[in-house]
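Remarks on the overall topology
Take a look at the letters that make up each chain.
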Amino acid sequence: MFGKRSDGRVLKTIAPEFKLMPSLMTERSDAHVYFNQDVKIDAINEYIAKKQKEGIKFSTMEIIITAIVRILATRPQLNRFIMHGRTYARNHICISLTIKKSITDDAEETTVKFYFDGTENIFEIKEKIAKLIEENKKEEKNNGTDKTARILTIIPTPLIRLSIKIIKWLDKHGYLPKSLIKVSPFHTSCYVTNVGSLGIDSIYHHLYNFGTTSMFFAIGKKKKSYIYEDDEIKQERVVNLAFVGDERICDGHYYANSFRILNRLLSHPEILETSLSEITQDIR
């Protein structure tokens, strides 16, 4: 039936203006909102050093992804997506991440997709991230995303375009097979790119009109920056997070409060050591 999807449920009780928005802004690219924030890195560095002494090796990216998973679990409007004029609550939490198999210009890229139930603590999320990245960095490794892309590129270009049109139609009407959604990096709660690992600062990355991604975070390099705090301008060690989101899924107040919570979690990573008993559910 039209509107039924394997990856989410239609929200029927959202406010009238949010019911109208997907018809006024039909494409995700029509609804981009941009935000960036300098996150003080001292607390993260101290946490990493502390855990290193305990024999647990954390990366800044793992801590940031854990904090993103936590706000997705506790701030359900962030885990919505728009498809064919309808607003859906996603029925899972997942993060897509593009990685290079080695840091060279001609190295292959691949995309990994992490699924979470949202209750995990930082140790469980770190283990899942580290394991999947390590597996997918192997030159001989091809994951489901790679295999699907290779199959599509075997056929002639006109047939590729036709295939993509069919896939988009199926996606639009809720008929896209679960197996394709599972391997598609574009059907995800949030896309993350760690450009800081390339030695550059954060970027604003567009959202894709294909798929269901409603949020994109770019992690920049560690640097010194000036922060206005407690009526003073202070120079701090920071990492910049650049965000692009879909304004149709929630209002600015909800986004702002979510970013404040994200910043608090990154300022106190030890909070993430506690698992959640359950995640917060969206409205019906």
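**Describing the pattern of salt bridges**
- Overall, the coordinates contain nine salt bridges when judged by the stated rule.
- Where Lys51 meets Glu54, a salt bridge forms, and the shortest distance between an N and an O atom there is 3.1 Å.
- One continuous salt-bridge network, built from bridges that share partners, spans Arg5, Asp7 and Asp171.

**Re the sheet that holds strand 7 (residues 190-194)**
- Read from one edge to the other, the open sheet built from six strands follows the order 2-9-8-7-5-6, with strand pairing classed as mixed. Taken across any chain shown, the strands that pair with only one partner, and hence form the sheet edges, are strand 2 (32-40) and strand 6 (109-116). Here the average twist between neighbouring strands, direction ignored, is 30°.
- In terms of strand pairing, strand 8 (residues 215-229) meets strand 9 (residues 232-246) through 13 bridges, oriented antiparallel. The residue bridging Met215 from the neighbouring strand is Gly245, located in strand 9.

**Brief notes about unusual backbone geometry**
- Residues other than glycine seldom take positive phi values, yet His84 does so here, at roughly 55°.
- Among the structural elements, His84 can be located in the loop between strand 3 (80-83) and strand 4 (86-90).

**So, helix 4 (residues 122-136)**
- With 15 residues, helix 4 should reach 21 Å at 1.5 Å per residue; the first-to-last C-alpha distance of 21 Å fits that figure.
- Among the residues of helix 4, those classed as buried are Ile122, Ile125, Lys126, Ile129, Ile133 and Asn136. In a view along the axis of helix 4, the buried residues occupy a sector of 120°, so they form one face of it. Among the exposed residues of helix 4, those oriented more than 90 degrees off its buried face are Glu127, Lys131 and Glu134.
- Contacts from the buried residues of helix 4 go to helix 2 (42-53), helix 3 (60-74), strand 5 (93-100) and strand 6.

**Structural notes on the sheet that holds strand 3**
- If you walk across this open sheet you meet the three strands as 1-4-3, and the pairing is antiparallel. Looking at strand neighbours, the two that pair on one side only are strand 1 (8-10) and strand 3, the edges of this open sheet. Between one strand and the next, the sheet's axes are offset by a mean angle of 35°, whatever the strand orientation.
- As paired strands, strand 1 and strand 4 are joined by three bridges and run antiparallel to one another. Paired with Gly8 across the two strands is Arg90, which belongs to strand 4.

**Focus on the side chain of Thr111**
- Residue position: Thr111 is located in strand 6.
- Once you skip the residues sitting within four places of it in the chain, Thr111 turns out to touch Ser96, Leu97, Thr98, Asn143, Thr145, Pro185 and Tyr191.

**As for the packing of aromatic side chains**
- Applying the stated rule across the entire model yields 17 aromatic pairs.
- With 5.4 Å between their ring centres and 85° between their planes, Tyr34 and Tyr204 make a pair best called edge-to-face. Placement of the pair is Tyr34 in strand 2 and Tyr204 in the loop between strand 7 and strand 8, with a sequence separation of 170 residues.
- The class of Tyr34 is exposed, set by a relative accessible area of 52%.
- A relative accessible area of 43% means that Tyr204 is categorised as partly exposed.

**Comments concerning the side chain of Glu236**
- Here Glu236 lies in strand 9.
- Buried and unpaired, Glu236 has no salt bridge, with Lys40 as the nearest side chain of opposite charge at 4.3 Å.
- With near-sequence residues (within four places) excluded, Glu236 lies in contact with Lys40, Asp42, Lys223, Lys224, Ser225 and Ile227.

**Topic: the packing of helix 3 against helix 4**
- With their axes 10 Å apart at the nearest point, helix 3 and helix 4 run at an angle of 120° to one another. With respect to their mutual orientation, helix 3 and helix 4 come out oblique. For helix 3 against helix 4, the interelement crossing comes out right-handed. Within the contact between the two elements, helix 3 uses Met61, Glu62, Ile63, Ile65, Thr66 and Val69 and helix 4 uses Ile122, Ile125, Lys126, Ile129, Ala130 and Ile133.
- When the residues that make up the contact of helix 3 with helix 4 are grouped by side-chain class, the tally is nine nonpolar, one polar and two charged.

**Quick word on the nonpolar core**
- Ranked by size, the top nonpolar core spans 46 residues in total, and within it Ile68, Ile95, Val192, Phe217 and Leu266 carry the most contacts.
- Broken down by element, the residue count for this core peaks at 10 residues, all from helix 3.
- In contact with Leu266, other than residues within four places in its own chain, are Val39, Ala43, Ile44, Ile63, Ile64, Ala67 and Leu241.

Conventions we followed
Residues numbered from 1 in each chain as written. Predicted model: local features only at pLDDT ≥ 70, side-chain atom pairs only at ≥ 80, totals over all residues. Heavy atoms only, no water. Salt bridge = Lys/Arg side-chain N within 4 Å of Asp/Glu carboxyl O. Pairing = 2+ DSSP bridges. Helix = DSSP H or I, 4+ residues; strand = E, 2+ residues; numbered from the N terminus. Axes fitted to C-alpha atoms, helices over the stretch in contact; angles between N-to-C directions. Expected span 1.5 Å × (residues − 1). Buried < 20%, exposed > 50% of the residue type's maximum accessible area, 1.4 Å probe, protein only. Arc of directions from axis to C-beta. Contact = heavy atoms within 4.5 Å. Phe/Tyr/Trp six-rings, centres within 6.5 Å; stacked < 30°, edge-to-face > 60°. Lys, Arg positive; Asp, Glu negative; His and termini not counted. Parallel < 35°, antiparallel > 145°, perpendicular 65-115°, else oblique. Left-handed = near helix turned anticlockwise from the far one by under 90°. Nonpolar A, V, L, I, M, F, W, Y, C, P; charged D, E, K, R; others polar. Core = buried A, V, L, I, M, F, W, Y, C linked by side-chain atoms within 4.5 Å.

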